[in-house]
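# Per-entry structural report
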Amino acid sequence: MSFRKRSEVINPGGTIPNRIPSIPGRAPPPGVPNGAMRGIPGRTLNAKPKEEVDLKSNPGIRSSIITSQPTISTGTSDLDKLLGHQGLPLGNSLLLEESGTTDFSSILARVFASQGIMHNRIDKSSNCHVIVIGLNSSWSKDLPGVYKGSSKDKKKAAIKEKESAISVSNLSQSSSTRDQDLRIAWRYGLNKKNEDEDSSEEVNENYTHQFDITERLRPVPDNQEITFVQVSEYKKMLAQINDIVKLHLSKNPSKTIRILVPNLLSPSIYPSTFSKSSIVIPFIHGMRSILKSNSSNISLVYSIPTDLYPKTSNLISIIEQLSDSVLQLHPFHQKLSELIEKSYKNEPSKVQHGFLNIVKLPILSERGMMTIHNNEYAFKNGRKRFEIEPWGIPVEVDDEKPKDDHDHSHQSSKNIEF
Amino acid sequence: MTSTQQQDLSIFKDNTIVSDHILTSPNSYLTLISHVEGTQPTWLVNSLIESSLQGTSTLVNKDLNRKLINRSELYMISFLNNEDYYVRNCKKNGLDLSRESKFKFIDCFTDLFTKIITNPENAIADIDRLFESIFKQISTSKSDKKIIILESPEILLASTNISSIKLNNLILKLNRLCRNLYIITSHDHPQIVDVNNQDINDPAFETTDFLIKLHYKSNVNIHFEPLTTGRADDITGILTVSKGSLPFKESTISINEKSYTYNVSKESNIKIYFR
C-alpha cells in the first residue's frame, strides 16, 4: 500500500496536455519524449508557447463584451459602442473612409491619439505609445485635451479644490458645518448615492475619457509618448514601425501601441507615386502583418479620402479586405443639411453633420456576420464629443408666424365652410 | 407529434461537404468560393477544414458526426491571414489546429511584401520562387489525399506585375498536387469583377480575367452574397452551390445544386435554411 502526501496536487483542474508528471522518483512514461503530443503519433508541438503578458495591469485595456478579447477605447464613447466591443479589440484595424471636403475623420484620429496619451499618463509605468505616420511633431500640439466640464463645473471644481486645500480657515470650518451636512445627507440617503457613483466611476475611470476639441492636451506629448514616421519608401517605413514596436514591447510587454495613419494617400502628405497599387497595397499589407504578429499589443486606425479614391475602385476594395473594420463618414448633402438646420433651429445642438455607415465590424465581420448598415446612423461633431446616433428624418416645421386670435377664428370659420 | 425538417448544408449528393469519392479519385478538382462584401465565408472554410481533417461538420451538418482519423491532409495557403486566425476560428468547430498533424499552414501573409516579394513592380521571379517553395512543401508528403485551400490570390494581381494568365498557370500546377483545390476570392462588382472594364492598367481588368478563367476550370462554384432585398437581422446572406464548367470524371460524384439562406450569429452559430 502506498501513501501520497496530502499537500501534493495531482491534477489542478482539468487535464494539462503535454504535462509530464513531476512525482519525485518517477520517470516520464516510456515513448513520450519531452514536448511530444500524447495520442497523436509523430506529432510534436510546433506552436511556440506564447509569453503570458499580464494585460490586466494595463488600465487602458478592457475585455470585449462580445468576445472577451482585450480591447482599447477609441476615445469616442459612441464609436466604442458602435464597434460592438466597447472599443477596438487589440490586433484589429479600423479604416475610416470619408467623402466630401470635410475632415471629421481627423477628429476621430486625434481623439484616438489623445486617449492613448491619457492612458500613458495614468501612472508612471508607461502603458501606451502612439505612432503617427506621415505627419510631423507639430501635429501633437493640436491634440484635444480632456473635457473639464462646463464653466459652471469648472467653477465648482475650483471651489472644491480651495475647500480641500489644507488651511487654518478650512480646518476650523470643517468640524461644525460638515458634520451638519453629513447628517442631512444620511437622512436623505444622499451619501449612499455618492458611494454608488464612486464605485461605478472606479471601474471605468481610466478606460475612456471625454475630450474637448477646443482644449489642448498639455503638456505636449514628447518622444516617449508619440513617435512620428515620415513618408518614405514603404519598406523603410515598415521596418521603422517594426523597430519602434519591438523597442517599446521589449521595455514593457503589456504596453499597447496605437498606430495612426491619418489621411492616407492625401496629396498634401503622400507623393503621387505612393498611390500606385504596387506601393500602397504592400504598405497596408505590411502594416496588417505587423498588427497580426503583435495582436495582443497593437491596434491600427487609418483614414482615407474616398473622393480621391472612390469606393468603386479596385484599390479601396483591396484595402477594405485588408482591414478588420471599416466605417464611412458621409457628410450630408447641402440641401439635407439646410433642412436639418431648419428643423432644429431652436435646438442647434441636435443638428447632425452626416451619415455614418458601417461596412465591417471587428471580429464580427471576419466571423461572417453581415454588418453593413447604410444610412442608419448619423454623426455630429460638437465641442465636447463626437456623437453617433440612429438616424431619423427630421420633421419639417413651417416657417409661418403663429397667427393671432382673429386670424385663427377667421381660418376656422373658413374650414367649417369648406 | 410534429417534426421539422433538418436543414443542413451538403455540397454533394452523398450528403457530404468533402466527398470520399473526391479523396479517393486519381483526378484533381477545383472549387471556387467567391464572396461579396458583407458575407465572409470564414464559417464555410472552417467547416471545410473540419470535414477534410475528420469528416465531421459540427456547425452546418448534424448528420456528419462520425469522426474519421487522418481523413486527408489539408494545406492552407493564405495571402490574407496568419495561422492564428484559423486556429482561433476553428475552435468553435471543436478543432485545435495547433495540434492537428494533418493541418499544414503555408504562410504567404507575414513576410509577403517584405521578404518574399522584394519589388512588387517586378515580382514575377519572386512569385515563381514562392510557388516553387509551396510545390516543394506539398510534394514532400507522400499522402494521396491532399486538399489545398488558397485564400485571396487576387492580392497578387492587384499589387504586383503578375498577369492573370501567369497566376492561373501557377494555380493549375498547384491543383495537380491535390485532390481538390479550394480558391477563396472576393467577387465584388465592379471593384474586383467588371466584365465591361476595358482599361488594361486597372487591376480590376486582371482580376476579372483571372476569375473568368477560373470559372472555366472549376468543378464546383460556391457563391456568397447578401440578401438582394436588403439587410435583415435574422438572415446574413445567400449561399449558392452550383456546378462549375467542368464535370466530375467519376459518375459517383454528384453536386447537390442548391441555394440556401443562412444566418451567422455573434457567437459564430450557423443556421442554414433551404430556399
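Since we're looking at a predicted model, the values are computed, not measured.

Now for the overall build of chain A. Broken down by element type, chain A carries ten helices and 14 strands. Excluding contacts between residues fewer than 6 apart, the proportion of contacts in chain A whose partners are at least 24 apart in sequence is 71%. For chain A, the accessible area works out to roughly 23700 Å², and carbon and sulfur atoms hold 53% of it.

A few words now on the nonpolar core. Ranked by internal contacts, the top residues of the largest apolar core, which has 160 residues, are A:I133, A:L264, A:F283, B:W43 and B:I49. The greatest single-element share of this core, amounting to nine residues, is contributed by helix α2 (residues 104–120) of chain A. With sequence-adjacent residues up to four places away left out, A:I133 is seen in contact with A:V229, A:M237, A:I241, A:I259, A:L260, A:V261, A:P262, A:Y270, A:F283 and A:M287. A:F332, A:I340, A:V351 and A:A378 belong to the second-largest nonpolar core, a separate cluster that totals six residues.

Moving on to a nonpolar patch on the surface. Residue and element names in this part refer to chain B. Together, V195, I212 and Y216 line one region of the surface with nonpolar side chains, adding up to about 320 Å² of accessible area. Its place among the elements puts Y216 in helix α8 (residues 203–217). Owing to a relative accessible area of 59%, Y216 belongs among the exposed residues under this scheme.

What follows concerns the interface of chain A and chain B. Listed as interface residues are 43 residues of chain A and, on the opposing side, 50 residues of chain B. Counting each side, the surface lost to burial between chain A and chain B is near 4000 Å², with a carbon and sulfur contribution of 52%. On inspection of chain A and its partner chain B, the count reaches four salt bridges. Measuring nitrogen to oxygen at the nearest pair gives 2.6 Å for the salt bridge that ties B:R88 to A:E366. The tally of links from chain A across to chain B stands at 18 residue pairs in polar contact (both at pLDDT 80 or more). Elements represented by at least two residues in the side of chain A that touches chain B include exactly α6 (234–251), α7 (277–293), α8 (314–321), β12 (354–360) and β13 (373–381) of chain A. Among the elements that make up the side of chain A that touches chain B, the one with the highest residue count is α7(A) (nine residues). In terms of residue class, the side of chain A that touches chain B is made up of 17 nonpolar, 14 polar and twelve charged.

Okay, the sheet that holds strand β9 (residues 256–261) of chain A next. Two modes of strand pairing occur in sheets, parallel and antiparallel, and in both the strands are linked by backbone hydrogen bonds. Residue and element names in this part refer to chain A. Across the sheet, nine strands lie side by side as β8-β5-β9-β10-β4-β11-β12-β13-β14; this open sheet has mixed pairing. The open sheet is flanked by β8 (226–229) and β14 (386–390), the only strands paired with a single partner. For this sheet the average axis-to-axis angle between neighbouring strands, irrespective of direction, equals 25°. In this structure, strand β5 (residues 128–133) lies alongside β8, joined through four bridges in parallel fashion. Paired with V130 across the two strands is I226, which belongs to β8. Across the sheet, α2 touches β4 (93–98), β5, β8, β9, β10 (298–305), β11 (325–331), β13 and β14, and the angle it forms with β9 is around 160°. In the packing of α7 onto the sheet, contacts are made with β4, β5, β9 and β10, and the angle to β10 comes to roughly 160°.

Residue and element names in this part refer to chain A. Of all residues in chain A, 73% have pLDDT values of 70 or greater, and the mean over the chain is 81. A low-confidence stretch, residues 197–202 (pLDDT under 50), is modelled with zero contacts involving residues beyond four sequence positions or located in other chains. Confidence drops under a pLDDT of 50 for residues 407–413, and excluding neighbours within four residues, the segment shows one contact in the predicted structure.

Residues and elements named next belong to chain A. With respect to the helices and strands, K384 occurs in the loop between β13 and β14. For K384, a relative accessible area of 39% puts it in the partly exposed group. On a C-alpha basis, the gap between K384 and G149 in space is 8.7 Å, while along the polypeptide they are 235 residues apart. Beyond its immediate chain neighbours, meaning those up to four positions away, K384 contacts Y147, Q210, F211 and D212.

This part is about the pairing of β13(A). Residue and element names in this part refer to chain A. Where β12 and β13 come together, four bridges link them in antiparallel fashion. Looking across to β13, one finds that I358 is bridged to H373. In the sheet, β13 pairs with β14 via five bridges, with the strands oriented antiparallel. Within β14, the residue paired with F379 across the bridge is I388.

All names here are of chain B. Within the element layout of this structure, P41 appears in the loop between β1 (29–35) and α2 (42–54). Residues P41 and F224, 183 residues apart in the sequence, show an inter-C-alpha distance of 7.2 Å. Setting aside residues up to four positions removed in sequence, P41 forms contacts with I33, H35, I184 and F224.

Let us now look at helix α3 (residues 151–164) of chain A. Across its 14 residues, α3(A) extends 20 Å between first and last C-alpha, which sits within 8% of the 20 Å expected from 1.5 Å per residue. Counting buried positions along α3(A) yields zero of 14 residues, so the element is predominantly exposed.

Below, the discussion takes up the sheet that holds strand β1 (residues 61–63) of chain A. All names here are of chain A. If you trace the three strands from one edge of the open sheet to the other, you get β1-β2-β3, paired in antiparallel fashion. Whereas interior strands pair on both sides, the edge strands pair on one side only; in this sheet they are β1 and β3 (88–89). In terms of strand pairing, strand β2 (residues 70–72) meets β3 through two bridges, oriented antiparallel. Within β3, the position partnered with I72 by the bridge is L88.

Residue and element names in this part refer to chain A. This model, assessed by the stated rule, comprises 17 aromatic pairs over all chains. An angle of 50° between the planes, with centres 5.1 Å apart, marks the rings of Y270 and F274 as tilted. The two residues Y270 and F274 agree in class, both being buried. On the basis of an interplanar angle of 45° and a centroid distance of 5.2 Å, the ring pair of F332 and W391 is categorised as tilted. Of this pair, F332 sits in the loop between β11 and α9 (334–343) while W391 is found in the loop between β14 and α10 (405–417), placing the two residues 59 residues apart along the sequence. Across the ring face of F112, the terminal group of R258 is positioned such that the distance to the ring centre comes to 4.7 Å.

Below, the discussion takes up the pattern of salt bridges. Residues and elements named next belong to chain A. The final tally for this structure, using the stated rule, is 20 salt bridges over all chains. With a shortest N-O distance of 3.1 Å, R385 and D78 are connected by a salt bridge. Of this pair, R385 sits in the loop between β13 and β14 while D78 sits in helix α1 (residues 77–82), and the two are 307 residues apart along the sequence. By relative accessible area, R385 is classed as partly exposed at 33%. Relative accessible area serves as the criterion here: at 10%, D78 is assigned to the buried category. What you see here is one network of salt bridges that share partners, running through R288, K292 and D324.

The rules behind the values
Residues numbered from 1 in each chain as written. Chains lettered and ligands numbered in written order. Predicted model: local features only at pLDDT ≥ 70, side-chain atom pairs only at ≥ 80, totals over all residues. Heavy atoms only, no water. Helix = DSSP H or I, 4+ residues; strand = E, 2+ residues; numbered from the N terminus. Contact = heavy atoms within 4.5 Å. Areas by Shrake-Rupley, 256 points an atom, 1.4 Å probe, with all protein chains shown as cover. Core = buried A, V, L, I, M, F, W, Y, C linked by side-chain atoms within 4.5 Å. Buried < 20%, exposed > 50% of the residue type's maximum accessible area, 1.4 Å probe, protein only. Patch = residues over 30% accessible without salt bridge, like charges linked within 9 Å, V, L, I, M, F, W, Y side chains within 5 Å. Salt bridge = Lys/Arg side-chain N within 4 Å of Asp/Glu carboxyl O. Buried area = accessible area lost by both parts, 1.4 Å probe. Polar contact = N/O pair within 3.5 Å; in protein donor to acceptor, adjacent residues only side chain to side chain. Nonpolar A, V, L, I, M, F, W, Y, C, P; charged D, E, K, R; others polar. Pairing = 2+ DSSP bridges. Axes fitted to C-alpha atoms, helices over the stretch in contact; angles between N-to-C directions. pLDDT = per-residue confidence, 0-100. Expected span 1.5 Å × (residues − 1). Phe/Tyr/Trp six-rings, centres within 6.5 Å; stacked < 30°, edge-to-face > 60°. Lys NZ or Arg CZ within 6 Å of the ring centre and 35° of its normal.

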